[in-house]
Amino acid sequence: MNTVFYVSSAVAVVATLMAISRLNAVHALLYLIVSLLAAAVVLFGLGAPFVAALEVIIYAGAIMVLFVFVVMLLNLGPPAAELERRLLTPSAWIGPSLLALILLLELIPVFAASSGSVGGSAVMDASKIGVALFGPYVLAVELSSLLLLAGLVGAYHLGRRTLEEQG
Amino acid sequence: MSPTATSVLVVVGVLFGLFTIASGLIWVERRLLALWQDRYGPNRVGPFGLLQVVADMIKILSKEDWIPPFADKPVFVIAPAILMVVTLLSFAVIPFTPLIQVVDLNIGLLFFLGMSSLSVYSVALAGWSSNNKYALLGSMRAVGQMLSYEVFMGLSLMGVVALAGSFGLREIVEAQKTLWFCVPQCLALVVFFIGGLAETRRIPFDLPEAENELVAGYHVEYSGMKFAMFFLSEYIGITLISALTVTLFFGGWLGPWLPPLVWFLLKTFILIGLFILIRAALPRPRYDQLMSFGWKLMLPLVLLNLLATGGWLLAMR
């Protein structure tokens with residue numbers, strides 16, 4: 001299981017780096033999708049198959065499709081890539097990268113101190129997650145459903161047609 | 001035989017069977033369509049025109065594999081492969097018989113839904129990378145259609161999951177020993193089958209490739225082997241939806257007298273025939289009709305089904 005974890009984590013990290021550095025928006029999105037799929041494999045290896053499946057269905061399969069859809073509609077051509085090239089100057093990325101590198105270095109002693117095994121202890125299947133969601137976390141579930149309802153009403157309001165448009 | 005050898009044999013056998021069925025379906029579909037539309041269909045090459053498939057294969061394999069100079073080359077090449085891979089991967093979780101199954105995942109059904117949601121990318125990317133307005137319009141339609149119908153398809157399956165108490169397809173089949181789920185879940189069956197038609201982009205849901213307005217939609221720039229991959233994926237997709245409908249609603253391999261595999265194939269082929277009959281019988285709707293049919297009829301229906309199933313399960317406890 002350790003090998004699966006490290007290989008898919010490495011894929012996720014490399015894919016995310018590529019997603020940041022690609023100039024073409026669709027290529028960047030494709031790398032981001034690969035990164036999400038790699039994260040799903042990591043979750044699967046850690047003993048959370050249900051969450052892994054949801055990661056693929058919801059993040060990779062629905063949310064990212066909408067991103068791709070919007071980029072397709074905008075149909076950014078070579079001028080957009082040129083703009084990206086000008087935005088991504090070394091002075092813009094060296095600072096944040098150095099700070100992130102410090103955080104990464106801090107993680108190394110933490111990893112060295114732990115047992116080194118990353119395999120999940122118990123498998124979390126769908127029924128366990130359901131019991132947890134509708135047991136101790138029921139308030140959070142209700143609150144997030146309210147938030148989604150508000151989003152739905154808002155989207156309906158923005159998307160509705162006025163009377164003169166219909167006429 | 002060692003377990004590894006058995007599983008390799010199962011994987012190779014399933015793949016071989018699938019490609020045979022998918023390429024055979026090209027001939028079956030054309031003959032059946034011809035029968036229902038009062039024509040002959042392909043009947044010249046070999047007995048009953050059976051070798052038509054071979055002729056088509058030779059033609060498509062020897063055709064120039066052309067990539068338009070204005071296309072985004074890497075994405076253009078990878079798009080048909082994505083469709084092929086995810087459609088074939090979905091078959092990994094289907095239990096053909098108690099012994100023939102590639103992997104018995106406890107999230108089998110979710111795995112299928114994940115793979116079918118990934119297949120949207122193939123169509124979207126094919127349309128975008130072709131850099132052609134007809135292709136782009138086709139893939140925009142496809143994305144809207146597939147995202148919407150995936151919602152009803154997923155929701156319709158939850159009733160089955162609630163009755164069987166598992167996401168694993170093997171458990172779902174075994175839960176149907178007394179009664180096939182097509183009886184208590186008849187609403188879900190209808191919604192799932194219509195959703196499956198939309199996911200495979202078959203008539204009446206073939207708006208993404210509507211010939212009379214979009215030439216061929218998202219695969220208008222594809223030719224040769226890459227086009228063949230889209231074409232074959234459609235037939236593998238039909239087989240997938242039929243096999244899954246059989247597994248979820250018609251008791252999978254269950255049945256008297258005949259061996260399990262025969263039952264499974266028999267039921268699957270009846271459903272494939274239904275797919276072809278629908279193509280022969282129905283016209284194509286307008287895009288707004290497609291969307292309002294989905295969101296205003298299918299979604300309430302499937303939610304009602306879920307509510308009734310939940311209520312029934314609660315009352316029976």
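Now for a quick tour of the structure. For every chain, the first residue of the written sequence is number 1, and numbering continues from 1 onward in sequence order. To label them, take the chains in the order written and letter them from A, then take the ligands in the order written and number them from 1. Only residues with pLDDT of at least 70 are given local features in this predicted model, and only at 80 or more are side-chain atom pairs given and counted; all residues enter the totals for whole chains, interfaces and linings. Side-chain descriptors were evaluated using all non-hydrogen atoms of the structure, hydrogens and water having been removed beforehand.

1. Brief notes about the overall build of chain A
Phase 1 of the analysis: On a plain count of helices and strands, chain A comes out with 8 helices and 0 strands.
Phase 2 of the analysis: Strands here are runs of E lasting at least two residues and helices are runs of H or I lasting at least four, both read from the DSSP assignment and numbered beginning at the N terminus. Reading the secondary structure of chain A in the N-to-C direction produces α-α-α-α-α-α-α-α.
Phase 3 of the analysis: Of the contacts made within chain A by residues no fewer than 6 positions apart, 64% connect residues no fewer than 24 positions apart. Contacts are assigned to residue pairs that have any heavy atoms within 4.5 Å of one another.

2. Details of the pattern of salt bridges
All names here are of chain B.
Phase 1 of the analysis: Any carboxyl oxygen of Asp or Glu within 4 Å of a side-chain nitrogen of Lys or Arg constitutes a salt bridge here. Per the stated rule, a full pass over the model turns up 7 salt bridges over all chains.
Phase 2 of the analysis: For Arg 202, the salt bridge identified is with Glu 29, shortest N-O distance 2.7 Å. In this pair, Arg 202 is assigned in the loop between α7 (186–199) and α8 (211–214) and Glu 29 in helix α1 (residues 3–36), connecting sequence segments 173 residues apart. The same class applies to Arg 202 as to Glu 29, namely buried.
Phase 3 of the analysis: Residue Asp 65 is joined to Lys 226 by a salt bridge in which the shortest nitrogen-to-oxygen separation is 3.0 Å. Of this pair, Asp 65 sits in the loop between α2 (52–61) and α3 (73–90) while Lys 226 sits in helix α9 (residues 224–249), placing them 161 residues apart in sequence.
Phase 4 of the analysis: Salt bridges here are not isolated pairs; linked through shared partners, they connect Glu 29, Arg 202, Glu 234 and Arg 279. Only protein chains enter the accessibility calculation, which uses a 1.4 Å probe. A residue is then buried if its area is under 20% of the maximum for its type, exposed if over 50%, and partly exposed in between.

3. Observations regarding helix α3 (residues 49–74) of chain A
Phase 1 of the analysis: A rise of 1.5 Å per residue sets the reference length of α3(A), with its 26 residues, at 38 Å; its end C-alpha atoms lie 36 Å apart and thus fit the reference within 8%.
Phase 2 of the analysis: For α3(A), the principal kink sits at Met64(A) and spans about 30°. Here a helix's expected span is defined as the number of its residues, less one, multiplied by 1.5 Å. Working definition for bend: take the seven residues up to and ending at a residue and the seven starting at it, fit an axis to each, and measure the angle between the axes.

4. As for empty space enclosed by the protein
Residue and element names in this part refer to chain B.
Phase 1 of the analysis: A 1.4 Å probe that fits into a set of points on a 1 Å grid over the protein atoms alone but cannot get out defines a cavity; an open set with protein on both sides within 12 Å along at least five of seven lines defines a pocket, and lining residues are those with an atom within 4 Å of a point. Grid points are joined across faces, edges and corners, and a volume is the space filled by probe spheres set on the points. This model, assessed by the stated rule, comprises 2 cavities of 30 Å³ or more.
Phase 2 of the analysis: Space inside the largest cavity adds up to approximately 180 Å³.
Phase 3 of the analysis: Looking at the largest cavity, it is lined by 18 residues, and the ones nearest its centre are Thr 87, Ser 119, Glu 199, Thr 200 and Gly 237.
Phase 4 of the analysis: Within the residue set of the lining of the largest cavity, elements represented by two or more residues are α3, α4 (108–129), α5 (133–164) and α9.
Phase 5 of the analysis: Here the lining of the largest cavity takes 5 residues from α9, the largest share from any one element.
Phase 6 of the analysis: Gly is put with the polar residues, along with every residue not named as nonpolar or charged; the nonpolar set is Ala, Val, Leu, Ile, Met, Phe, Trp, Tyr, Cys and Pro, and the charged set is Asp, Glu, Lys and Arg. Of the residues contributing to the lining of the largest cavity, the split by class is 8 nonpolar, 7 polar and 3 charged.

5. A short note on the layout of surface pockets
Phase 1 of the analysis: Estimated volume of the largest pocket: approximately 2300 Å³.
Phase 2 of the analysis: Taken together, 45 residues make up the lining of the largest pocket; nearest its centre are Ile58(A), Val151(B), Gly154(B), Leu155(B) and Met158(B).
Phase 3 of the analysis: Contributions of two or more residues to the lining of the largest pocket are made by α3, α6 (126–133) and α7 (138–159) of chain A together with α4, α5 and α11 (287–316) of chain B.
Phase 4 of the analysis: The biggest single contributor to the lining of the largest pocket is α5(B), with 10 residues.
Phase 5 of the analysis: Of the residues belonging to the lining of the largest pocket, the class tally is 29 nonpolar, 11 polar and 5 charged.
Phase 6 of the analysis: Residue contributions to the lining of the largest pocket reach at least three from each of two domains, namely domain 1 (2–122) and domain 2 (134–167) of chain A.
Phase 7 of the analysis: Considered as a void within the structure, the second largest pocket measures approximately 680 Å³ in volume.
Phase 8 of the analysis: As for the second largest pocket, its lining consists of 30 residues, and the residues nearest its centre are Phe227(B), Phe231(B), Glu234(B), Tyr235(B) and Arg279(B).
Phase 9 of the analysis: Those elements that provide at least two residues to the lining of the second largest pocket are α1, α2 and α9 of chain B.
Phase 10 of the analysis: Here the element with the most residues in the lining of the second largest pocket is α9(B); it accounts for 8 residues.
Phase 11 of the analysis: Broken down by class, the residue content of the lining of the second largest pocket amounts to 15 nonpolar, 3 polar and 12 charged. Annotation comment: domain bounds sourced from an automatic or database domain assignment.

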